[in-house]
Amino acid sequence: MSSRSIAVFAERAGRPVVMGRRWAIASGHPVASWAGTRILERGGSAIDAAVAIAVALNVVEPHMSGLGGDLFALVVDTRTGEVWAVDGTGLVPLEATPDRLHHGVSADGPLSVAVPGAARAWELLHARWGRLPLHELLAPAIELAADGFPVSQNLAAYLAAHRDRLSRYEATARTFLPQGRLPQPGDVLRQPTLARTLETLATTGFSALYQGQLAERLVRAVRQAGGLLSTESLARARAELVQPLQHSYRGWTVWTPPLNSGGHALLLALGILEHFSVTEWKPLSADLLHVMIEATKLADAACQRWAAGTHLTAPALVELFDPVRVRELAQAIDLRRAKPHHASGAREPAATTAFTVVDRDGLGIVVTATLHEVFGSGFVAGDTGLLLNNALAARTLDPQALERLEAGAPVRQTSIPIVVSGKERLIGLGSSGGSAQPQILVHVLVHLLEFGFSPQEAVELPRWRYRTAGRAAQWLAETGGLVDVEGRLPNVTIEGLQARRHRVQRLPRWGPIGSCQLVVRRDDGGVVLEAAADPRSDAYALAR
């Protein structure tokens, strides 16, 4: 390699693509990736490793996901080509009725807590694809919670930003502000009550979170603080193995979970983009970004109109993806001017983590898990040590709204794990970012599939996200909406977007706009695994 080649390599990606031949992991934290590695090296499956990663993230990345939240997952078997979706969506408590919430739905605290679905999903996944006993899978997380781990700069920043919320409830403050002190980077944070709960789950199974003494303690803590959770509501929680949505994009097959994930919006945006020769434009150019922004806006608007509830019917989905209709949406894009787009105004889940694992047998899993907003409800349920979601915050008491409160109904999710296959490659990826996930994932996929960027390059490229008008000021409605861009985006691109009537707001160099984790399995003469982790968070990739 010449010195010039070395210099070009160094400029193109801040991190290398991590490669291996046996297994690969990309998760939101180095220690969580280590937990998955420990399981894979002991002969565990990708799903075993995913359980270990998820519960470790509950400890070391508590602001983004956990057993008190929800998830969607895709499982793929490269030997058979089969793809399964797992819906780990929680439920609105049976007691959460308009008459009980006559003052409105709470943004956080115990009144915002819904029945969590994540643990039910892990129970289903482990029962079907697990090899190792649960106590082995939870051992790394138990050690981390009991012995403590060094607080990262990223976690320290989130703790500082949310200090007031975290100090509101005694058990929460005791967990995240020990001795009333804000943890600093490098401080050791221990969670002994969570460690004891994880020990219970390791011996009795995830079902203990929904029935039995642990479930009763969790409910008691929520009810004593004014929440509406009940043992009856917890016992109704179920995870489902469901048929994934599938769509063809330029010779690739793309899978996502069905509603109530946001996968249909992503697939529709790709369908719109298929009507444009995107490679005629340069990567990161204003021409390309304008069309991607407009495609995702149109897809979002179309999906809002067709989502009559939490599940689209099969006929509605056929009509949504009708080729004539998709072509009409593509033709509605003006290459010279952005169109306004009005959002529903609902609160969207914004605290999410994504991770991907592929094992030596070709079994893979992509998970997107959420607490719905950063630190969820901000409420740790007493002596369980479990931080709970605030999924009810995405609901409204307006009986005509799509997001209307319905006791016992699934909560709103935007999580979008993705599997892409074709051309001797299988790709698993997901991202945080709330309702911006379709935008982030379209941006990554287009540069990965169309322009041939490496996984790490595609993950690191500067990103954008649009904010829709919704309830914002009139000037937003009169333009194409506000577009946030990361500060590394070229000036000429920003000027080109502004010329097309996008109102652009420049963020710091790395945003952050989401955190995307990605694994590629290539089999073009021998299996090679490539893993990429997003530097916008604590994410870390490992492979062997």
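Residues numbered from 1 in each chain as written. Predicted model: local features only at pLDDT ≥ 70, side-chain atom pairs only at ≥ 80, totals over all residues. Heavy atoms only, no water.

The final tally for this structure, using the stated rule, is 5 aromatic pairs. Pairing F276 with W281 gives two aromatic rings, centres 6.4 Å apart and planes at 35°, and the pair type is tilted. Per residue, the accessibility class of F276 equals that of W281, and both read buried. The positively charged end of R488 is found above the aromatic ring belonging to W510, 3.5 Å away from the centroid. (Phe/Tyr/Trp six-rings, centres within 6.5 Å; stacked < 30°, edge-to-face > 60°. Buried < 20%, exposed > 50% of the residue type's maximum accessible area, 1.4 Å probe, protein only. Lys NZ or Arg CZ within 6 Å of the ring centre and 35° of its normal.)

Moving on: the side chain of Q517. For Q517, the location among the structural elements is in strand β17 (residues 516-523). By relative accessible area, which is 2% here, Q517 ends up buried. Of note is the side chain of Q517, whose polar atom sits 3.0 Å from the backbone nitrogen of D534. (Helix = DSSP H or I, 4+ residues; strand = E, 2+ residues; numbered from the N terminus. Polar contact = N/O pair within 3.5 Å; in protein donor to acceptor, adjacent residues only side chain to side chain.)

Attention shifts here to the pairing of strand β3 (residues 70-77). For β3, a buried count of 8 out of 8 residues is recorded, marking the element as mostly surrounded by other parts of the structure. Along β3, one buried face is formed by D70, F72, L74 and V76 and the opposite face, lined by L71, A73, V75 and D77, is buried too. Sheet analysis places β3 next to strand β11 (residues 363-372), joined by 8 bridges and oriented antiparallel. In the strand pairing of β11, A73 is matched with V367. Both β3 and strand β4 (residues 82-88) contribute to a ladder of 7 bridges, which runs antiparallel. If you follow A73 over to β4, its bridge partner there is V86. Hairpin connection, β3 to β4: the antiparallel pair is bridged by 4 residues, and G81 has positive phi, about 80°. (Pairing = 2+ DSSP bridges.)

Look at helix α3 (residues 46-60): 20 Å from first C-alpha to last across 15 residues, which is about the 21 Å you get at 1.5 Å a residue. Counting buried residues along α3, 15 of its 15 residues qualify, which places the element largely inside the surrounding structure. (Expected span 1.5 Å × (residues − 1).)

Mapped onto the elements of the fold, F276 is located in the loop between α12 (263-273) and α13 (286-306). In this structure the C-alpha to C-alpha distance between F276 and G428, which are 152 residues apart in sequence, comes to 25 Å. When sequence neighbours within four positions are dropped, the list of residues in contact with F276 reads R250, W281, V291, A330, I333 and L335. (Contact = heavy atoms within 4.5 Å.)

Quick look at the sheet that holds strand β16 (residues 503-506) now. Strand order in the open sheet formed by 3 strands is β14-β15-β16, and the pairing between neighbours is mixed. Looking at which strands have only one partner, the edges of the open sheet turn out to be β14 (464-467) and β16. Taken over all neighbouring pairs, the strand axes of this sheet differ in orientation by 25° on average, direction set aside. Bridge count for β14 against strand β15 (residues 482-485) is 4 bridges, and the pairing is antiparallel. Following the sheet pairing, R465 is matched in β15 by D484. Helix α19 (residues 491-499) rests against β15 and β16 of the sheet, and its axis sits at about 150° to β16. (Axes fitted to C-alpha atoms, helices over the stretch in contact; angles between N-to-C directions.)

What follows is about helix α9 (residues 192-204). Between its terminal C-alpha atoms α9 stretches 19 Å, which fits the 18 Å expected from 13 residues at 1.5 Å a residue. Those residues of α9 hidden inside the fold are in contact with α3, α5 (134-147) and α10 (213-224). Trailing α9 by a residue or two, G205 shows a phi angle of about 100°, which is positive.

Read across the open sheet, the 7 strands follow the order β1-β18-β17-β13-β12-β9-β8; overall the sheet is antiparallel. A single partner strand is all that each edge strand has here, and the edge strands are β1 (18-20) and β8 (245-249). Going from strand to strand, the sheet's axes swing by 15° on average, the running direction of each strand aside. Judged from the 3 bridges that link them, β1 and strand β18 (residues 527-532) form a sheet pairing that is antiparallel.

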